[in-house]
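Here is how the chains run, residue by residue.
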Amino acid sequence: MPVPPPARRILVAVVAAALSLITACGGGDVSDGRAALPSGAELVARCADAMRAVRSAAFSMETEGTSPLPVKKAAGRLSGTGDAKWTIQIDLMGTLQEISFVLIGDTVHFKGATGGFQRMSRSQLASIYDPSAILDPGRGVVRLLSTAQNPETEATERVDGADAYRLSATFSQQVLAAMVPGLKQSVDGRLWIDRATGRLIRADLPMTGGGVTVALHDYDVPARITAPAE
């Protein structure tokens, strides 16, 4: 039975509206989602601002493969004032040695597996490993972000229990060496930045023979770093 002209017009309009709705709803599925992500430049700027405000953080660092870096593992607590407490595993002539450090002002208290604490200066510490640089805006993460070359936001991922943006960029050897002692090359690395806070969660830095992973967590958790009894 033929559809009367007025009804036909209504039917055509309904079908056209339905097709338009389907097209509008389905159009976003065609892209890989990058159009909805913040730009790399926007993300590193936001992260730099967030990291400037950090008062304390816990950190860990680990090397992989046959990395030439002498420090193989490190973990501890950092204060925005420059004080810090941490332990490292360092390769000394083919043998792993564990050393504990407490940095208060310009004085470093350190001890090996045996014996008590001894002292050295902050300048002496720099040749071994000074993680207090990580939260220093002039030497650490803020400078790393501010000097990142060709930053590109790649995706969103779940990292260490947080929703994060994954970002790739090139980082200069000069800036990285302040945080990763012994590093002698620029690195094409990746950062994971917390979507909610803008803070850095993790950095992966591949290099010849292996790589380094640095993780930051427990931001602004109160921590009192005091000199050990000697």
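About the cut-offs
- Residues numbered from 1 in each chain as written.
- Predicted model: local features only at pLDDT ≥ 70, side-chain atom pairs only at ≥ 80, totals over all residues.
- Heavy atoms only, no water.
- Helix = DSSP H or I, 4+ residues; strand = E, 2+ residues; numbered from the N terminus.
- Buried < 20%, exposed > 50% of the residue type's maximum accessible area, 1.4 Å probe, protein only.
- Contact = heavy atoms within 4.5 Å.
- Phe/Tyr/Trp six-rings, centres within 6.5 Å; stacked < 30°, edge-to-face > 60°.
- Lys NZ or Arg CZ within 6 Å of the ring centre and 35° of its normal.
- Pairing = 2+ DSSP bridges.
- Axes fitted to C-alpha atoms, helices over the stretch in contact; angles between N-to-C directions.
- Salt bridge = Lys/Arg side-chain N within 4 Å of Asp/Glu carboxyl O.
- Core = buried A, V, L, I, M, F, W, Y, C linked by side-chain atoms within 4.5 Å.
- Expected span 1.5 Å × (residues − 1).
- Arc of directions from axis to C-beta.

Draft legend 1. Quick peek at the overall build of the protein chain. Summing up its helical and strand segments, the protein chain has five helices and 11 strands in all. Across the 230 residues of the protein chain, 40% fall into the buried class. Of all intrachain contacts in the protein chain linking residues separated by at least 6 positions in sequence, the fraction that spans at least 24 positions is 50%.

Draft legend 2. Region of interest: the packing of aromatic side chains. According to the stated counting rule, one finds three aromatic pairs in the structure shown. Consider the rings of tryptophan 86 and phenylalanine 101, whose centres lie 5.2 Å apart with planes at 10°: the pair is stacked. With tryptophan 86 in strand β3 (residues 84-92) and phenylalanine 101 in strand β4 (residues 95-104), this pair connects stretches of sequence that are 15 residues apart. Pairwise contacts between aromatic rings join Trp86, Phe101 and Phe110 into one cluster. Its guanidinium or amino end placed over the ring of phenylalanine 117, lysine 111 lies 5.9 Å from that ring's centre, counting from NZ or CZ. Over the ring of tryptophan 192 we find arginine 202; its NZ or CZ atom is 4.2 Å from the centre of that ring.

Draft legend 3. Region of interest: the sheet that holds strand β8 (residues 162-171). Spatially, β6-β5-β4-β3-β2-β1-β11-β10-β9-β8-β7 is the arrangement adopted by the 11 strands of the open sheet, whose pairing is antiparallel. Each of the sheet's edge strands pairs with one partner strand only, and the pair in question is β6 (118-121) and β7 (149-159). Put simply, the sheet's adjacent strands are angled 20° from each other on average, direction ignored. With five bridges connecting them, β4 and strand β5 (residues 107-111) associate as antiparallel partners. Looking across to β5, one finds that isoleucine 104 is bridged to threonine 107. On top of the sheet, helix α2 (residues 40-52) reaches β7, β8, β9 (187-194), β10 (200-207) and β11 (210-217); it is set at about 75° to β7, its chief contact.

Draft legend 4. Seen up close, the pattern of salt bridges. All chains considered together, the criterion is met by 12 salt bridges. Across the pair arginine 52 and aspartate 49 runs a salt bridge, and its minimum N-O distance is 2.8 Å. One end of the pair, arginine 52, and the other, aspartate 49, are both in helix α2, three residues apart, so they sit about a helical turn from each other. For arginine 52, a relative accessible area of 45% translates into the label partly exposed.

Draft legend 5. Highlighting the nonpolar core. Judged by nonpolar contacts, the single largest core of 54 residues is most densely connected at Met51, Trp86, Ile88, Phe101, Tyr129, Ile134 and Leu200. Take this core: its biggest share by element is five residues, from α2. Val159, Ala162, Ala164 and Ile201 belong to the second-largest nonpolar core, a separate cluster that totals five residues.

Draft legend 6. Highlighting the pairing of strand β1 (residues 56-65). Sheet topology note: the β1/strand β2 (residues 71-79) ladder contains seven bridges and is antiparallel. Note that in β2 the partner of serine 60 across the bridge is alanine 75. Here β1 pairs with β11 via eight bridges, running antiparallel. In the sheet register, glutamate 62 faces β11, and the bridge partner there is threonine 213.

Draft legend 7. Quick peek at the environment of glycine 105. Summarising the element assignment, glycine 105 is placed in the loop between β4 and β5. Glycine 105 gets classed as partly exposed once you look at its relative accessible area, which sits at 32%. For the pair glycine 105 and serine 121, spaced 16 residues apart in sequence, the C-alpha separation works out to 9.5 Å. Setting aside anything within four residues of it in sequence, one finds glycine 105 in contact with Asp83 and Arg122.

Draft legend 8. Quick look at α2. When the terminal C-alpha atoms of α2 are compared, their 18 Å separation across 13 residues agrees well with the 18 Å that a helix rising 1.5 Å per residue should span. The set of residues buried in α2 consists of Gly40, Leu43, Val44, Cys47, Ala48, Ala50 and Met51. Taken around the axis of α2, the buried residues stretch over an arc of 165°, which confines them to a single face. Opposite the packed face of α2, turned more than 90 degrees from it, sit the exposed residues Ala41 and Asp49. In the core, the buried residues of α2 are packed alongside α4 (141-146), β7, β8, β9, β10 and β11.

Draft legend 9. Structural detail: the environment of leucine 144. Counting through the fold element by element, leucine 144 comes out in helix α4. In this structure, leucine 144 is in contact with Phe171, Val175, Leu176 and Met179, ignoring residues within four places of it in sequence.

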